[in-house]
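Each chain, written out:
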Amino acid sequence: MSHHLPKSGAQKFILGFLFTCITMVLYCLSTPALQASTERLPLTPPCTYQTTTMQGRSSYLSRDTRELKRCIPKANLMFLKTHKTAGSTILNILLRFGQRNQLKFALPNSRNDFFYPAPFDRMQVKDYRPGACFNIVCNHMRFNAPEVEALLPQNAFFFTILRDPALVFESSFHYYKKVVPLTWRIHGEDKLGTFLNEPERYFSPDGFNSYYLKNLQLFDLGYDNSLEPEDPAVDQAIQAVSERFQLVFISEYFEESLILLKDALCWQMDDLLFFKLNARRGASVSQLTPEQTAKARDWNGADWKLYRHFNTTLWAKVDAYGRKRMERDVRELRRRNMEMSTICIDGGTAVEEGDIRDQSMKPWQPLGESSILGYNLKTNIDQKYSELCRKMLTPEIQYLAELGVNLWITRLWGWVKVILSL
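Thresholds applied
- Residues numbered from 1 in each chain as written.
- Predicted model: local features only at pLDDT ≥ 70, side-chain atom pairs only at ≥ 80, totals over all residues.
- Heavy atoms only, no water.
- Disulfide = S-S within 2.5 Å.
- Helix = DSSP H or I, 4+ residues; strand = E, 2+ residues; numbered from the N terminus.
- Buried < 20%, exposed > 50% of the residue type's maximum accessible area, 1.4 Å probe, protein only.
- Phe/Tyr/Trp six-rings, centres within 6.5 Å; stacked < 30°, edge-to-face > 60°.
- Lys NZ or Arg CZ within 6 Å of the ring centre and 35° of its normal.
- Axes fitted to C-alpha atoms, helices over the stretch in contact; angles between N-to-C directions.
- Parallel < 35°, antiparallel > 145°, perpendicular 65-115°, else oblique.
- Contact = heavy atoms within 4.5 Å.
- Nonpolar A, V, L, I, M, F, W, Y, C, P; charged D, E, K, R; others polar.

Novice: Could you give an account of the state of the cysteines, with specific residues and numbers?
Specialist: Per the stated rule, a full pass over the model turns up three disulfides. In this model, Cys344 is linked to Cys389 through a disulfide, with the two sulfur atoms separated by 1.9 Å. With the S-S dihedral at roughly -65°, the linkage between Cys344 and Cys389 falls on the left-handed side. One end of the pair, Cys344, is in helix H12 (residues 323-344); the other, Cys389, is in helix H13 (residues 383-393), and 45 residues separate them in sequence. Comparing Cys344 with Cys389 shows no difference in burial state: the two are buried. Across the chain, the way the bonded cysteines pair up, counted in sequence order, is 1-3, 2-4, 5-6.

Novice: Account for the packing of aromatic side chains, naming residues and giving values.
Specialist: Under the criterion given, the structure shown has 25 aromatic pairs. Centre to centre, the rings of Phe114 and Phe120 are 5.0 Å apart; their planes meet at 85°, and the pair counts as edge-to-face. Looking at Phe120, the relative accessible area reads 1%, which means it is buried. An angle of 45° between the planes, with centres 5.7 Å apart, marks the rings of Phe169 and Phe173 as tilted. Of this pair, Phe169 and Phe173 both sit in helix H4 (residues 165-175), separated by four residues, roughly a single helical turn. Grouping residues by exposure puts Phe169 and Phe173 together as buried. Of the aromatic side chains, those joined through ring pairs into one cluster are Phe79, Phe157, Phe159, Phe249, Phe254 and Phe274. The side chain of Arg142 reaches across the aromatic face of Phe219, ending 3.8 Å from its centre. Its end group placed over the ring of Tyr321, Arg325 keeps NZ or CZ at 3.7 Å from the ring centre.

Novice: Lay out unusual backbone geometry in plain terms, naming residues and giving numbers.
Specialist: Geometrically, the link from Tyr116 to Pro117 is a cis peptide bond, its omega value of 15° lying close to zero. Locating Pro117 in the fold gives a position in the loop between strand E4 (105-106) and strand E5 (136-137). A positive phi angle, near 60°, is found at Asp127, a position not held by glycine. Its location among the elements puts Asp127 in the loop between E4 and E5. Exposure remark for Asp127: the relative accessible area of 55% places this residue in the exposed category. One non-glycine residue, Cys266, lies in positive phi territory at about 60°. Inspection of the secondary structure assignment puts Cys266 in the loop between helix H9 (254-265) and helix H10 (290-299). Take Cys266: its relative accessible area is 7%, and that puts it in the buried class.

Novice: Talk me through the packing of H12 against H13; I want residue IDs and the actual numbers.
Specialist: Contact geometry of H12 with H13 gives a least axis separation of 10 Å together with a crossing angle of 105°. Of the possible angle classes, the one that applies to H12 and H13 is roughly perpendicular. Contacts between H12 and H13 involve Met340, Ile343 and Cys344 from the former and Tyr385, Leu388, Cys389, Met392 and Leu393 from the latter. Here the contact of H12 with H13 is built from residues that sort into eight nonpolar, no polar and no charged.

Right, dumping it as structure tokens:
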């Protein structure tokens, strides 16, 4: 006969210790060591041929709406999916676009990212062979330009997304708190506020997973996250990003950014349809005070400088596109998304994990929590929308599995989380 005993303090300590050991072992086995520089000499031939291009042509009205122009949709894309910036929503858009047009993805192997936080290496791509060429790269990585460029045709379009670093910090602090040992010794209810009052006391650049706590966006782009904003290396990083990425989304202006992407890639409005994925329930979000926001931006000063620069460039692109034209297109995108919400989503809104009926629609959750919302698919969807609705609502992990990625490390970690939550 089995007996269920309440967890004692000793049991919790042992579970915590085992969790730390398991986490470190998994990372040591699956992640190459971090490198001081993302530059490296190519060890294998780069992409040696042009992949399939889309033959269909799209038409659109020019800015003054008097001239009908024609263009060929672009299919060779690199999206750098940064953390806590709405990247999962963009990823879903790209996965659907690639599948629909039978494009070739460079996918990760054994887990849902490219062995983050190690700098990207083309050998991390599933079934990679020297000289292989792909259409789309879009999963989490720490950016390494030469290695990414080796996978794509020269005409590939590079884009990424940034968000106010105060909001990134708040989201990252809560989402990853169980896997960042630096935060475990912070006492009290308001751990985030305590950290922001004395960040140097609780932070070490050498700490395990410490990159989640400082300049995470600069880190994702492949640079040193310990840089201070006045360091010339930050300006050099901003310049390098400007030269390599043709478009940088701003999360707070997500729809405007999508319209600019549509214009740059010669896509249709149907290619942009989305539901917000991987969102947190409101109760799990710390509402930062103005003082805390200022402190978070100051602590993430290099990211704040990066963000402000590309917020300015985004609005310069909007001005070039036309403000009235942008307003009209954003309204149309919102209308179409609302229409799809009515068609696809039972109840019309996201729900908590416990209320999601279909296991295949449950999103990945942070350790010990169920803060990420998901959706219930309607059961009486018109046949012509059925497949689109399902794909629009499919979380990242399940979508990658559908594309043939063997996620054994990700799934192993998922089982460990379940055990630790018992």
